[in-house]
Amino acid sequence: MPDVTFLNIARTVEVQDGETILSAALAASIDYPHGCKSGRCGRCKTRLVEGAVDLFEHSRFALPPEERAAGLILACRAVPTGNASIVWLEGDATTRPFDTLRGEVV
Ligand code: FES
């Protein structure tokens, strides 16, 4: 089973075969930035610093092809194929785990 190192918090977690990086992080009580858990919102956008992942189906709005080509992944859709190191892009999840947004649909 691969290890994934979360460089934001200098912590390494073992990821079960077939498990996504986000799922492994949450199971390890890491307050990883996320929203939909289904590749639609982009909140779990992550830089893959080392290693490789299988990236499952996701919205082009959440991760456009040019961002994927630049080394970004979605943690909720990424299953590591070996040891990996990542950095999540959203701000410090330990102090701001949720956002509340107000809006109006017109
Ligand atoms: S949590 Fe929404 S795209 Fe990953």
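Now for a look at the structure at hand. Everything numeric in this text was worked out from a predicted model, so none of it was measured.

A word on the sheet that holds strand β2 (residues 11–14)
In spatial order, the strands read β2-β1-β7-β3-β5; together these 5 strands make up an open sheet with mixed pairing. Because the sheet does not close on itself, it has two edges, and the strands there are β2 and β5 (72–74). Going from strand to strand, the sheet's axes swing by 35° on average, the running direction of each strand aside. Where strand β1 (residues 3–6) lies against β2, 4 bridges are found, and the strand directions are antiparallel.

A few points about unusual backbone geometry
Positive phi, normally seen in glycine, also occurs at S29, with a value near 65°. Checked against the element boundaries, S29 lands in the loop between α1 (21–27) and β3 (45–50). With phi around 60°, K37 is a residue other than glycine that occupies positive phi space. Positionally, K37 belongs in the loop between α1 and β3. Given a relative accessible area of 48%, K37 falls into the partly exposed group.

Brief notes about the nonpolar core
One recurring pattern in soluble globular proteins is that nonpolar side chains are buried together. Ranked by size, the top nonpolar core spans 25 residues in total, and within it V4, F6, I21, I30, Y32, I73 and I86 carry the most contacts. Those elements giving two or more residues to this core turn out to be β1, α1, β5 and β7 (84–88). When residues of this core are assigned to their parent elements, the largest contribution, 4 residues, is made by α1. Residues contacting I86, with those up to four places away along its chain left out, are V4, T5, F6, L7, N8, I21, Y32, T46, R47, L48, V49 and I73.

A short note on the environment of E14
Inspection of the secondary structure assignment puts E14 in strand β2. We classify E14 as partly exposed; its relative accessible area is 43%. As a C-alpha pair, E14 and A25 span 11 residues in sequence and 9.2 Å in three-dimensional space.

Notes on the side chain of S59
By the secondary structure assignment, S59 is in the loop between β4 (53–55) and α2 (65–69). Owing to a relative accessible area of 18%, S59 belongs among the buried residues under this scheme. Leave out the neighbours within four places in its chain, and S59 touches G39 and R40.

Some details on the pairing of β7
Most of β7 sits out of view: 4 of its 5 residues are buried. Relative to β7, β1 runs parallel, the two sharing 3 bridges. Note on β7: the bridge partner recorded for V4 is A84. Pairing of β3 with β7 involves 4 bridges; the strand directions are antiparallel. Counterpart to T46 in the pairing with β7 is W88.

Rules of the game
- Residues numbered from 1 in each chain as written.
- Predicted model: local features only at pLDDT ≥ 70, side-chain atom pairs only at ≥ 80, totals over all residues.
- Heavy atoms only, no water.
- Pairing = 2+ DSSP bridges.
- Helix = DSSP H or I, 4+ residues; strand = E, 2+ residues; numbered from the N terminus.
- Axes fitted to C-alpha atoms, helices over the stretch in contact; angles between N-to-C directions.
- Buried < 20%, exposed > 50% of the residue type's maximum accessible area, 1.4 Å probe, protein only.
- Core = buried A, V, L, I, M, F, W, Y, C linked by side-chain atoms within 4.5 Å.
- Contact = heavy atoms within 4.5 Å.

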